[in-house]
Number of protein chains: 2
Amino acid sequence: MSTPPAFKRLPRAVREQQMLDAAVKVFSRRGFHAASMDEIAEDAGISKPMVYAYLGTKEELFVACLHREGTRMMHAIAGAAAPDLPADVRLWRGLKAFFGFVGAHRDGWAVLYRQARGEQPFAGELATMRARLVEVVAGMLDHALRTEGREVAGTDLEVIAYALVGATESLADWLADHPEADPERTATRMMNAAWLGAGQLLHGVTWRPPSD
Amino acid sequence: MSTPPAFKRLPRAVREQQMLDAAVKVFSRRGFHAASMDEIAEDAGISKPMVYAYLGTKEELFVACLHREGTRMMHAIAGAAAPDLPADVRLWRGLKAFFGFVGAHRDGWAVLYRQARGEQPFAGELATMRARLVEVVAGMLDHALRTEGREVAGTDLEVIAYALVGATESLADWLADHPEADPERTATRMMNAAWLGAGQLLHGVTWRPPSD
DNA sequence: GCGTAACCTTACGCACGAGTAGGTATGCTC
DNA sequence: GAGCATACCTACTCGTGCGTAAGGTTACGC
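Residues numbered from 1 in each chain as written. Chains lettered and ligands numbered in written order. Predicted model: local features only at pLDDT ≥ 70, side-chain atom pairs only at ≥ 80, totals over all residues.

Engineer: Sorry if this is basic, but what is going on with the overall build of chain A here?
Structural biologist: What chain A contains, in helices and strands, is 9 helices and 0 strands. The linear arrangement of helices and strands in chain A, starting from the amino end, is α-α-α-α-α-α-α-α-α. Referenced to the eigenvectors of the C-alpha coordinate spread, the extents of chain A come out at roughly 80 × 35 × 30 Å. Across the 212 residues in chain A, those meeting the buried criterion constitute 43%. For chain A, the share of sequence-separated contacts (at least 6 apart) that also reach a separation of at least 24 residues comes to 60%. (Helix = DSSP H or I, 4+ residues; strand = E, 2+ residues; numbered from the N terminus. Buried ≥ 20, exposed ≤ 12 C-beta atoms within 10 Å, placed from the backbone. Contact = placed C-beta atoms within 7 Å.)

Engineer: When you look at the confidence of the model for chain A in this model, what are you seeing that I'm missing?
Structural biologist: It should be kept in mind that the predicted coordinates are not to be read in detail where pLDDT is low. The predicted model of chain A has a mean per-residue pLDDT of 84, with 94% of residues at 70 or higher. Per-residue pLDDT stays below 50 along residues 1-6 of chain A; that stretch engages in 0 contacts with residues further than four places along the chain or on separate chains. (pLDDT = per-residue confidence, 0-100.)

Engineer: Please clarify how the protein's contact with DNA strand D should be interpreted in this entry.
Structural biologist: Neighbouring DNA strand D are 21 residues, the closest being Met37(A), Thr57(A), Lys58(A), Arg12(B) and Ser47(B). Breaking the surface near DNA strand D down by element, the ones donating at least two residues are α2 (37-43) and α3 (48-55) of chain A together with α1 (12-30) and α3 (48-55) of chain B. For the surface near DNA strand D, a count of residues per class yields 10 nonpolar, 3 polar and 8 charged. (Near = placed C-beta within 6 Å. Nonpolar A, V, L, I, M, F, W, Y, C, P; charged D, E, K, R; others polar.)

Engineer: When you look at the relation of the copies chain B and chain A in this model, what are you seeing that I'm missing?
Structural biologist: Here two copies of a chain appear, and what relates them is a rotation about an axis with a shift along it. Of the transformation superimposing chain B on chain A, the axial component is 0.0 Å and the angular component is 179°, with the fit at an RMSD of 0.1 Å. Interpreted geometrically, this transformation is the action of a two-fold axis. Interface overlap between copies is the fraction of interface residues in one copy that are interface residues in the other; for chain B against chain A it reaches 100%, indicating a shared surface. (Least-squares fit on C-alpha atoms with pLDDT ≥ 70 in both.)

Engineer: Looking at this structure, how should I read the environment of Pro121(A)?
Structural biologist: Tracing the sequence through the fold places Pro121(A) in helix α7 (residues 120-147). Note: C-alpha distance between Pro121(A) and Val152(A) (31 residues apart in sequence) is 35 Å.

Engineer: Which parts of the structure should I look at to understand the nonpolar core?
Structural biologist: Inside soluble globular proteins, nonpolar side chains tend to come together where they are buried. Ala23(A), Ala161(A), Ala163(A), Ala23(B), Ala161(B) and Ala163(B) are the most contacted members of the largest nonpolar core, which totals 126 residues. Other than its neighbours up to four places away in sequence, Ala161(B) contacts Val134(B), Val137(B), Ala138(B) and Leu141(B). (Core = buried A, V, L, I, M, F, W, Y, C linked by C-beta atoms within 7 Å.)

Engineer: Honestly, the protein's contact with DNA strand C in this entry has me stumped. Any pointers?
Structural biologist: Inspection of the region around DNA strand C gives 21 residues, with Arg12(A), Ser47(A), Met37(B), Thr57(B) and Lys58(B) positioned closest. Elements with a minimum of two residues in the surface near DNA strand C: α1 (12-30) and α3 of chain A together with α2 (37-43) and α3 of chain B.

Engineer: Please clarify how the interface of chain B and chain A should be interpreted in this entry.
Structural biologist: Accessible area lost during the coming together of the parts is what is often quoted as the interface size. Between chain B and chain A, the residue contacts involve 43 residues of the former and 43 residues of the latter. Those elements giving two or more residues to the side of chain B that touches chain A turn out to be α5 (87-104), α6 (106-115), α7 (120-147), α8 (154-177) and α9 (183-202) of chain B. When residues in the side of chain B that touches chain A are grouped by element, the largest group, 13 residues, is from α8(B). By residue class, the composition of the side of chain B that touches chain A is 22 nonpolar, 11 polar and 10 charged.

Engineer: Looking at this structure, how should I read α6(B)?
Structural biologist: Side chains of residues three or four places apart in an α-helix project in the same direction, reflecting 3.6 residues per turn. Within α6(B), 7 of the 10 residues are buried, which leaves the element mostly enclosed by the surrounding structure. The set of residues buried in α6(B) consists of Gly108(B), Trp109(B), Ala110(B), Val111(B), Leu112(B), Tyr113(B) and Gln115(B).

Engineer: Teacher, can you tell me more about the packing of helix α4 (residues 58-78) of chain A against α7(A) here?
Structural biologist: The geometry of a pair of packed helices is captured by two quantities: the angle between their axes and the separation between those axes. All names here are of chain A. Relative orientation of the contacting elements α4 and α7 amounts to 15°, with a least axis distance of 11 Å. Looking at the two axes, α4 sits roughly parallel to α7. The crossing of α4 and α7 is right-handed. Along the contact surface, α4 presents Glu59, Phe62, Val63, Leu66 and Gly70, while α7 presents Pro121, Phe122, Glu125 and Met129. Of the residues assigned to the contact of α4 with α7, the class counts are 6 nonpolar, 1 polar and 2 charged. (Axes fitted to C-alpha atoms, helices over the stretch in contact; angles between N-to-C directions. Parallel < 35°, antiparallel > 145°, perpendicular 65-115°, else oblique. Left-handed = near helix turned anticlockwise from the far one by under 90°.)

Engineer: Whenever I open this one, α8(B) confuses me. Can you help?
Structural biologist: Between its terminal C-alpha atoms α8(B) stretches 35 Å, which fits the 34 Å expected from 24 residues at 1.5 Å a residue. In terms of burial, α8(B) is largely enclosed, as 18 of its 24 residues are buried. (Expected span 1.5 Å × (residues − 1).)

Below is the structure:
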């Protein structure tokens, strides 16, 4: 017989990435509980015990997904954050990087922000990442304020930062559901809403991206 | 024997509300899947078959929660929306009503926006409610624009409205996790961020609530 | 060419929780 | 105070899906 193998033997590191790819895909479509380990294994082109051998239990697998996608996102944004630029340019670059990432990794985004938020064991993990991001934004605002010689209570800054992050996430969700939408254009719209505010926009003021 | 009953017989309508209260509480703490019908029944002070008899399956029960909380929220906001007021006042009143609601119904909020979002069968339901809200906000902006004799593409308006709603939801989440925070104060902060924008705020401009 | 270790499989145990069958008590109506 | 509807219970069935035991197969060192 010697059935033609058809399944190649691959080194662990490669299989792990394939498994994570499959897991992100299935988790994002079905949700954490509705996703079955069997489906993830099948989608990865591997059998279930391999998943357990490499990535551990279902929860551990999900956390692994969370970490990989979260790290990727943070990296994508970090590259855009030169601390000595003016605040609006930094914000613009951060937004552009962020929406670019979401546009390119819609599944990863769905796992991170649609699934992890409600499920008890992961909400904390997610909240930590979110808090780091809020911290960064708040720090940026604070820096800009000090440059102008002004000061604002920490709580106020944090709340404004929260609103900014929330608005951005909301648009990211919109982007994830509209495959035809352009990430950069979405970033521009977000910048308008965030930087100018509704009041200004209603009076015809608009913000335009720098020539870069 | 005639064991002292200790459990009173109550009319259906009352029990249904108790069950919904318990369901909202348990769903918000555990999430849809992790919540068990047994726990909900126990929390409502009733046995499981009663829950099935009155509210149907687990999914139907969750949808019932969704509808009750959603309706309550819409009612709370609707009361504040007098269509002939200026846009900033309408926005302010809507925000005040919304944050007031979330502050008073933190569990309900958690069910609506943290649980329903990720779970496949309910995401659509939730998205519909959300879309209605976005529509209302976009309509408000459009109305304000026409009053000034200006016009903006529909998509742009929708996106701005999305950002506004997202920012508000994000702050609502923050509020739900900070029991000591004051809803009205949070609404003021949101109004500042939304109406003036980060750029204005950095230059020291602030928005203050009208004397009412 | 042969051991050994890593890769990979099929097939199962087992717990948990949704949903139900069938029966008991209470109160309301005439 | 008989009849009937409604409120309510204990105790079960059964599917589903996580996690694993025990055994095949391919590559690689020596």
